[in-house]
Amino acid sequence: MADNSRPARPVILGQNQYGKAENRVVKITRDGATHHIKDLNVSVALSGDMDEVHYSGSNANVLPTDTTKNTVYAFAKEHGIESAEQFGIHLARHFVTSQEPIKTARIRIEEYAWERIEAADANSRFIGADEVKHSFVRKGQETRLTQVTYDGERWEVVSGLKDLVVMNSTNSEFWGYVKDKYTTLKEAYDRILATQVSARWRFNWTDDDQRMPHWEKSYEQTKKHMLQAFAETYSLSLQQTLYQMGSRIIDNRGEIDEVRFSLPNKHHFLADLEPFGLKNDNEVYFAADRPYGLIEATILRDGCEPRIPVDLTNL
């Protein structure tokens, strides 16, 4: 009888992976009456000796995706969630070291931040108002990101953020650009510069013998330097601002070797008020949502090779 389990044609199996995507896990840490929240969206992707399940359907090497989901929740209890990066490291190490067929684990995490709701009056006697340490409001400023990849020997940690909307209402110009017969844009010597930051940065921590970064402090400081550079750069182009943001991170955070930005230019056009007999002295704008300029670039520490994918949607 012919063996129909493998293709007879000259067809080979390429890169493949599997896992459970978007496991929403919320961990409450109760420090007496004071509670702390970690709110994550965890996606697990595993790869290794998985040819046979594709060729014949044999599941002999397959750890069920339902098991990976259960592991996420169990690890939230067993290890806690110190940071998104640390939690991803625990998961990746477990999958690679506990299952021989699994050679590489990639953990992607989105983190949603919460902040404590302050009591109206710390001295109030109403319903324990000075003791409310368990009420939170979701912070909507940005979504924190991390991707942890482990192959049993080497680590790669790429963290970042998305949906961080920033604006400079002045100190931005745009002029001296190429003009052809299709150019209608007028030169601007005082414009609004706004963007919705999508950024990823790669750590130079790659093995267990190195000192691990302080993940929470690193994120806070990286975001701080990014925002300070945006605010302090007198911008002649969004590209110039992007470079300054990345340079500030590389110069101040020794644990980071590479930063990649994707910055949509959130255009603000002066509204035409002349039909109403009004002068618009850089006061009233129309905020356009599309189309938009999209500025993307990678900033590297000298001597380092780029490893963050150019297309950030592949992260």
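Above: the structure in question.
Below, the structure is looked at part by part. (Residues numbered from 1 in each chain as written. Predicted model: local features only at pLDDT ≥ 70, side-chain atom pairs only at ≥ 80, totals over all residues. Heavy atoms only, no water.)

### Here's the deal with the pairing of strand E8 (residues 193–203)
Most of E8 sits out of view: 10 of its 11 residues are buried. Here strand E7 (residues 155–168) runs beside E8; their pairing, made up of nine bridges, is antiparallel. Bridge pairing in E8 places leucine 161 opposite alanine 199. Looking at chain direction, E8 and strand E9 (residues 256–265) are connected through seven bridges and run antiparallel. Opposite phenylalanine 203, over in E9, you have isoleucine 256 as the bridge partner. (Buried < 20%, exposed > 50% of the residue type's maximum accessible area, 1.4 Å probe, protein only. Helix = DSSP H or I, 4+ residues; strand = E, 2+ residues; numbered from the N terminus. Pairing = 2+ DSSP bridges.)

### Looking at a nonpolar patch on the surface
Nonpolar side chains collect at one region of the surface, where Trp175, Tyr189, Tyr234 and Leu236 lie side by side and expose about 440 Å² of accessible area between them. One can find tyrosine 234 in the loop between helix H4 (215–232) and helix H5 (238–252). (Patch = residues over 30% accessible without salt bridge, like charges linked within 9 Å, V, L, I, M, F, W, Y side chains within 5 Å. Areas by Shrake-Rupley, 256 points an atom, 1.4 Å probe, with all protein chains shown as cover. Salt bridge = Lys/Arg side-chain N within 4 Å of Asp/Glu carboxyl O.)

### Examining the packing of helix H2 (residues 65–78) against helix H3 (residues 84–98)
Put simply, H2 and H3 touch, their axes get as near as 11 Å, and they point 130° apart. As summarised for this structure, H2 and H3 are arranged oblique, according to the angle between their axes. Note on packing geometry: the crossing formed by H2 with H3 is right-handed. Contacts from Thr68, Thr71, Val72, Phe75 and Ala76 in H2 reach Phe87, His90, Leu91, His94 and Phe95 in H3. The residue makeup of the contact of H2 with H3, split by class, is six nonpolar, four polar and no charged. (Axes fitted to C-alpha atoms, helices over the stretch in contact; angles between N-to-C directions. Parallel < 35°, antiparallel > 145°, perpendicular 65-115°, else oblique. Left-handed = near helix turned anticlockwise from the far one by under 90°. Contact = heavy atoms within 4.5 Å. Nonpolar A, V, L, I, M, F, W, Y, C, P; charged D, E, K, R; others polar.)

### Describing the environment of methionine 226
By secondary structure assignment, the location of methionine 226 is in helix H4. For methionine 226, a relative accessible area of 0% corresponds to the buried category. Here the alpha-carbon distance between methionine 226 and serine 247, two residues 21 residues apart in the chain, equals 8.9 Å. Residues in contact with methionine 226, not counting those within four places in the same chain, are Leu161, Leu164, Val197, Ala199, Trp201, Met245, Ile249 and Phe261.

### Observations regarding the nonpolar core
Among the nonpolar cores identified, the biggest contains 52 residues, and Val42, Phe87, Val197, Trp201, Met226 and Phe261 are the most heavily contacted of them. Top element by residues in this core is H3. It accounts for seven residues. Setting aside chain neighbours within four positions, we find valine 197 in contact with Leu161, Lys162, Asp163, Leu164, Val166, Met226, Met245, Phe261, Ser262 and Leu263. (Core = buried A, V, L, I, M, F, W, Y, C linked by side-chain atoms within 4.5 Å.)

### Notes on the pairing of strand E6 (residues 143–150)
For E6, the tally of buried residues reaches eight of eight residues, placing the bulk of the element in the interior. In this sheet, E6 lies alongside strand E3 (residues 102–112) in antiparallel orientation, the contact comprising seven bridges. Directly across from isoleucine 109, in E6, lies its bridge partner threonine 146. Where E6 lies against E7, eight bridges are found, and the strand directions are antiparallel. Counterpart to arginine 144 in the pairing with E7 is leucine 161. Linking two consecutive strands that pair antiparallel, namely E6 and E7, is a turn of four residues; a positive phi of about 95° is found at glycine 152 within it.

### Some thoughts on the packing of H4 against H5
Axis separation between H4 and H5 bottoms out at 8 Å; the angle between their running directions is 140°. As the angle between them shows, H4 and H5 are arranged oblique. Judged by the twist between their axes, the crossing of H4 over H5 is right-handed. On H5, the residues that touch Thr222, His225, Met226, Gln228, Ala229, Phe230 and Glu232 of H4 are Thr241, Gln244, Met245, Arg248, Ile249 and Asn252.

### Some remarks on the packing of aromatic side chains
The geometry of two aromatic rings is summed up by the distance between their centres and the angle between their planes. Scanning all chains against the criterion turns up seven aromatic pairs. Aromatic pair phenylalanine 174 and tyrosine 177: ring centres 4.8 Å apart, planes at 20°, arrangement stacked. Here phenylalanine 174 falls in the partly exposed class, since its relative accessible area comes to 28%. Over the face of the ring belonging to tyrosine 177 we find lysine 179, whose NZ or CZ atom lies 4.6 Å from the ring centre. (Phe/Tyr/Trp six-rings, centres within 6.5 Å; stacked < 30°, edge-to-face > 60°. Lys NZ or Arg CZ within 6 Å of the ring centre and 35° of its normal.)

### Observations concerning the side chain of glutamate 142
Looking at where glutamate 142 falls in the secondary structure, it is placed in the loop between strand E5 (136–138) and E6. For glutamate 142, a relative accessible area of 14% puts it in the buried group. Within the structure, glutamate 142 has its side chain in polar contact with the side chain of tyrosine 219 (distance 2.7 Å). Among the polar contacts made by the side chain of glutamate 142, one reaches the side chain of lysine 223 at a distance of 2.9 Å. Ignoring any residue separated from it by four or fewer positions in sequence, one finds glutamate 142 in contact with Leu161, Lys162, Asp163, Leu164, Tyr219 and Lys223. (Polar contact = N/O pair within 3.5 Å; in protein donor to acceptor, adjacent residues only side chain to side chain.)

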